[in-house]
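Observations on the three-dimensional arrangement
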Amino acid sequence: MSLAHIHANRPTHFNRPDLTLAPTVAAPRIRAVPTGTEARGFVLYVGIDEAKAAAAGTSLNRIVEALKALAADIAPSAETYAAVALAPEGAGGRDVDVVRLALQDPAALAQHRAEPEEQDRARSGVVVDISRKRVILDNETAALTYKEFELLQYLVLREGRTIDRAEIIASLWNSADEDDAPNERTIDVHVRRLRSKLGRYEDIVRTVRGVGYRFDRHADVAIRQSTTPSPDLF
């Protein structure tokens, strides 16, 4: 799952709240700050995608710039930093929870890791759990080797694109010595072994004759990913 900085021109105008009319209230105390630490700022997670922003007549960039400008109005010395959260298409859950996981909010990650294992058993079929580096077949963990999982993950993260054998070798064996690097026929062997362990779901790894292999979205396959996609470097 990477974070991309938001770079956009500040909009020429937008509605800001009239801060001069805001009543003066006592500042609320910050929740328990551990001894030896001090509050240096805060994070505000905003859960909204481009489609919802457009439906509201705005965009993510405009929202970010408006919030940054508001912070500058309230506290001119405040420093701001914004990042966009990238998540897999169709990731379920509340928008703000998806954002917190994508940006690796410690509390959200802790809650996610503490969720009962029974969630893994909520459905039959294939679960490719990228965050935990495992594959579950009909509620049983598949005995994939490290390299077999790497191969499957590489295809899954490039869903719908045919990957030729040369690219697989260059990407998954890029640190191997020339004598240890596999040839294209060896890749076929790796794929056959992977498919044999996928059992009746072997067809999720498709062969494109004369080209290579691909993964297409399949009704029996669920992809789990608590953060943004990994760059396939382990």
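This write-up is about the structure you can find in this document. (Residues numbered from 1 in each chain as written. Predicted model: local features only at pLDDT ≥ 70, side-chain atom pairs only at ≥ 80, totals over all residues. Heavy atoms only, no water.)

For the rest of this paragraph, the subject is the overall build of the protein chain. Tallying secondary structure elements over the protein chain gives seven helices and nine strands in all. Here the protein chain holds 234 residues, and 28% of them are scored as buried. For the protein chain, the exposed surface amounts to about 15700 Å²; the carbon and sulfur share of it is 51%. (Helix = DSSP H or I, 4+ residues; strand = E, 2+ residues; numbered from the N terminus. Buried < 20%, exposed > 50% of the residue type's maximum accessible area, 1.4 Å probe, protein only. Areas by Shrake-Rupley, 256 points an atom, 1.4 Å probe, with all protein chains shown as cover.)

Here the focus is the pairing of strand β7 (residues 205–208). Alignment of β7 against strand β8 (residues 212–215), held across four bridges, turns out to be antiparallel. Each bridged residue has a counterpart across the sheet, and for Val 205 the counterpart in β8 is Phe 215. Here β7 folds back onto β8 in antiparallel fashion, the turn holding three residues, of which Gly 210 has a positive phi close to 80°. (Pairing = 2+ DSSP bridges.)

This brings us to the nonpolar core. With 28 residues, the main nonpolar core has Val 126, Val 135, Leu 152, Ile 168, Ile 204 and Val 205 as its most contacted residues. Where this core is concerned, the elements lending two or more residues are β3 (126–129), β4 (134–137), α5 (146–156), α6 (165–172), α7 (184–198) and β8. Here the element with the most residues in this core is α5; it accounts for six residues. Aside from chain neighbours lying at most four places away, what touches Val 126 is Val 135, Ile 136, Leu 137, Tyr 201, Ile 204, Asp 220, Val 221 and Ala 222. (Core = buried A, V, L, I, M, F, W, Y, C linked by side-chain atoms within 4.5 Å. Contact = heavy atoms within 4.5 Å.)

A few words now on the pattern of salt bridges. Pairing between side chains of opposite charge can happen when their charged atoms approach one another. Inspection of every chain in the model, using the stated rule, returns 13 salt bridges. Taking the shortest distance from any N to any O, the salt bridge between Arg 40 and Glu 38 comes out at 3.8 Å. Each member of the pair, Arg 40 as well as Glu 38, carries the same accessibility label: exposed. Through salt bridges that share partners, Arg 94, Asp 97 and Arg 100 make up one connected network. (Salt bridge = Lys/Arg side-chain N within 4 Å of Asp/Glu carboxyl O.)

Turning to the side chain of Arg 195, a few remarks are in order. Among the secondary structure elements, Arg 195 is positioned in helix α7. Buried charge without a salt bridge: Arg 195, with Glu 202 as the nearest opposite-charge side chain at an N-O distance of 5.6 Å. Within the local environment of Arg 195, its side chain forms a polar contact with the backbone oxygen of Val 205, the two atoms lying 2.5 Å apart. Sequence-distant contacts of Arg 195, defined by excluding residues within four places in its chain, comprise Glu 202, Val 205, Arg 206, Thr 207 and Tyr 213. (Lys, Arg positive; Asp, Glu negative; His and termini not counted. Polar contact = N/O pair within 3.5 Å; in protein donor to acceptor, adjacent residues only side chain to side chain.)

Here the focus is unusual backbone geometry. Even without glycine at this site, Asp 138 takes up a positive phi of about 45°. Note that Asp 138 resides in the loop between β4 and β5 (140–141). The exposure class of Asp 138 is partly exposed, given its relative accessible area of 29%. With a phi close to 75°, Asn 139 is a non-glycine residue in the positive phi region. With respect to the element layout, Asn 139 can be found in the loop between β4 and β5. Relative accessible area serves as the criterion here: at 24%, Asn 139 is assigned to the partly exposed category.

Turning to the packing of α5 against α6, a few remarks are in order. Viewed as axis vectors pointing N to C, α5 and α6 meet at an angle of 125°, and their least axial separation amounts to 11 Å. Here α5 is positioned oblique relative to α6, judged by the angle of their axes. In terms of crossing hand, the pair formed by α5 and α6 is right-handed. In this structure, α5 uses Lys 147, Glu 150, Leu 151 and Tyr 154 to contact α6, whose residues at the interface are Glu 167, Ile 168, Ser 171 and Leu 172. In terms of residue class, the contact of α5 with α6 is made up of four nonpolar, one polar and three charged. (Axes fitted to C-alpha atoms, helices over the stretch in contact; angles between N-to-C directions. Parallel < 35°, antiparallel > 145°, perpendicular 65-115°, else oblique. Left-handed = near helix turned anticlockwise from the far one by under 90°. Nonpolar A, V, L, I, M, F, W, Y, C, P; charged D, E, K, R; others polar.)

All chains considered together, the criterion is met by zero aromatic pairs. Directly above the ring of Trp 173 sits Lys 147, whose terminal nitrogen or CZ lies 4.7 Å from the centroid. Directly above the ring of Tyr 154 sits Arg 158, whose terminal nitrogen or CZ lies 3.6 Å from the centroid. (Phe/Tyr/Trp six-rings, centres within 6.5 Å; stacked < 30°, edge-to-face > 60°. Lys NZ or Arg CZ within 6 Å of the ring centre and 35° of its normal.)

Reading across the sheet, the four strands line up as β5-β4-β3-β9 and stay open at both edges, with mixed pairing between neighbours. Whereas interior strands pair on both sides, the edge strands pair on one side only; in this sheet they are β5 and β9 (221–224). Relative to β4, β3 runs antiparallel, the two being bridged by four bridges. Bridged to Val 128 within β4 is Val 135.

Keep in mind that these numbers describe shape and distance, not what the molecule does.
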